[in-house]
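Structural characterization, general
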Amino acid sequence: MLLPGGGLGMNSMMDDMNLIQQAQRHHLVVRELGEEIDLEIGPGDDDPAFANTPLIGGPPREPSAEDHDESKNMVMVSQLPSDDQDMSKGQPVKRKKKVVKRWREEWADTYKWAYVDVKEGTARIFCSVCREYGRKHRRNPYGNEGSRNMQMSALEEHNNSLLHKEALRLQMASKDKIIADKPIYVKALMSKTAGSIVEAALKRDPHEVEFIQSLQEVVHALERVIAKNSHYVSIMERLLEPERMIVFRVPWVDDRGETNVNRGFRVQFNQALGPCRGGFRFHPSMTLSITKFLGFEQTLKNALSPYKIGGAAGGSDFDPKGKSDNEVMRFCQSFMNEMFRYLGIDKDLPSEEMGVGTREMGYLFGQYRRLAGHFQVPETPGSFTGPRIFWSGSSLRTEATGYGLVFFAQLLLADLNKDFKGLRCVVSGSGKIALHVLEKLIAYGALPITVSDSKGYLVDEEGFDYMKISFLREIKAQNRSLRDYSKTYARSKYYDEAKPWTERCDVAFPCATQNEIDQSDAISLVNSGCRILVEGSNMPCTPDAVDILRKANVLIAPAVAAGAGGQVVAGEFELNHECNSVNWSPEDFESKLQEAMKQTYQRSLKAAADFGYQKESPEALVHGAIISAFLTLAQAMTDQGCV
């Protein structure tokens, strides 16, 4: 739009736009085009053109041919003296510096999810999730160009758009770099024989990121085992392929009468040791890759338990948060309509996992009972004694898992001539397992100071006590935020969009989800004084984080061993039919659990020692637990032949 006065206004406006583009280029330093990078903050104040740049509205856009020509003209105009330039030089320097600082802070907030690449000859800022750049995915690419709301950058608005949030949900399926990067990574770290196992899995399932990560950790731990006996190569290749994978749709009707469709999963990974046991997880991030990884980890975990049970996992990308009881009931009934034919005490018996509690398990079991036509058959030993686990008895399983983590850590501390008394402990998550960890830490005299949820974490420097834990349970039962805790206990503090790993601690208990500790989190843990990490969730550390922790000699108690407590209780209930009529006292329950965790700990250390891992090594428990579990599975698979 031409302004009165011979186009001078238009030139001034284009000059502003060009200066903004210069500012963007000044801040984004391309190290390697096409790869994720940190957005570096350039010198700024040393560049006069940038320092004198006013912050104006309008998102970055693709330059047109007219812009290109006018930018050339503006270079010529800027070389001539003008009143505008004199006025610009006369502006207060202090105000300009504040503007520059604000611009930098806005872009610094985006460095975690943006990268730079060249598009049609122009360097652009791309979203590292969906590989698109700014204006491409704005919520309103045509309107409100001059409004105050448009002063945010296009990428910042893109980051808040519904399309971007959908891309976040599907990001694991869109990481194509895994295909090229992982084989190189494997060859660099593993022997040729072990690397060939992982490469074969990569060729077969290149997009299953979590499963590939899990099997890499396992194969790396088994290198010495495979080198000692080449027969285990074929066993491992067979073990990595699940016996049965079930994927199905789950249609259900919400309270508004609208039809929704989710995807259901169940992977019965291995039954060489007995009928499958494993949890159901309801979470929007649920994929076949996550289901396979959970089933694989559960198979190894069950192989370490004293009972003969196989491994499985399942669930759906359904999110129970914010849903009414009727909506959850309709979903669970639809889910079980397909799932029931694969379940049974002699086939597969599920348990609670993330997003699945007493409410969900009750609805699932009610529909199973209706479809199967029976509740249990008492005269048949072991026949569907699972209602105490599968239905309302799941609390003992989660209690055993949480308590077992602390019992396992206590064994580790005892070997170091230490105990929990006075130790600062950070815990992530705020589900049943995390809260049971808090309970037992308090009983041992430790000082647990954190819990977390998907929005941030809560820290109470005074430490939690039983009354505070009861209040946390009340908050979670009412689906309230952990922020509400701080309204009652003023000395506590809730941090948004943060993790608890920066808090000073001696022992860490990640009990939230997989890959919750990345490389920067691991560095924070080391700097915070952490010396022991007890895995409450499956695969809580990324590969880079594991490397950092091992180099810092942080002892890791793996979930395969430390989290086996729930399988101990499940085995007692499900495989010993007499337990159905026996009420365990708290003393008997803890005694059985402590003995089982002690056996698991000793088995892991013995397997590690048999293959040359020193007891003091940070790899000893991790590798020993996997070796012991694998040898148990390998023996059963060998005895049963090629099935």
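In this report, the structure presented in the accompanying data block is examined. (Residues numbered from 1 in each chain as written. Predicted model: local features only at pLDDT ≥ 70, side-chain atom pairs only at ≥ 80, totals over all residues. Heavy atoms only, no water.)

All right, on to the sheet that holds strand 13 (residues 507-509) then. Spatial ordering of the open sheet is given by 9-8-13-14-15, a layout of five strands whose pairing is parallel. In this open sheet, the two edge strands, each paired with only one partner strand, are strand 9 (447-448) and strand 15 (555-557). (Pairing = 2+ DSSP bridges. Helix = DSSP H or I, 4+ residues; strand = E, 2+ residues; numbered from the N terminus.)

Before going further, it helps to examine the packing of helix 14 (residues 325-339) against helix 15 (residues 358-372). Where helix 14 meets helix 15, the closest approach of the two axes is 8 Å, and the angle between their N-to-C directions is 45°. As far as their axial angle goes, helix 15 and helix 14 are oblique. Crossing handedness for the pair helix 14 and helix 15: right-handed. Contact residues: Asp325, Val328, Met329, Cys332, Gln333, Phe335, Met336 and Asn337 in helix 14; Arg359, Glu360, Tyr363, Leu364, Gln367, Tyr368 and Leu371 in helix 15. Of the residues assigned to the contact of helix 14 with helix 15, the class counts are nine nonpolar, three polar and three charged. (Axes fitted to C-alpha atoms, helices over the stretch in contact; angles between N-to-C directions. Parallel < 35°, antiparallel > 145°, perpendicular 65-115°, else oblique. Left-handed = near helix turned anticlockwise from the far one by under 90°. Contact = heavy atoms within 4.5 Å. Nonpolar A, V, L, I, M, F, W, Y, C, P; charged D, E, K, R; others polar.)

On any regular strand, side chains alternate: one points to one face of the sheet, the next to the other face. Here ten bridges tie strand 3 (residues 244-253) to strand 4 (residues 259-270), and the two strands are oriented antiparallel to one another. Following the sheet pairing, Met245 is matched in strand 4 by Val267.

On to the sheet that holds strand 12 (residues 493-496). Pairing within the open sheet is antiparallel, and its three strands lie in the order 10-11-12. Edge positions in the sheet fall to strand 10 (450-453) and strand 12, since each of these pairs with one other strand and no more. Taking each pair of neighbouring strands and ignoring which way they run, the sheet shows an average axis angle of 20°.

What follows covers unusual backbone geometry. Within the chain, Asn417 stands out as a residue other than glycine whose phi angle is a positive 60°. Non-glycine residue Asn479 carries a positive phi angle of around 55°. By relative accessible area, Asn479 is classed as exposed at 68%. (Buried < 20%, exposed > 50% of the residue type's maximum accessible area, 1.4 Å probe, protein only.)

In short, shape yes, function no, at least from these values alone.
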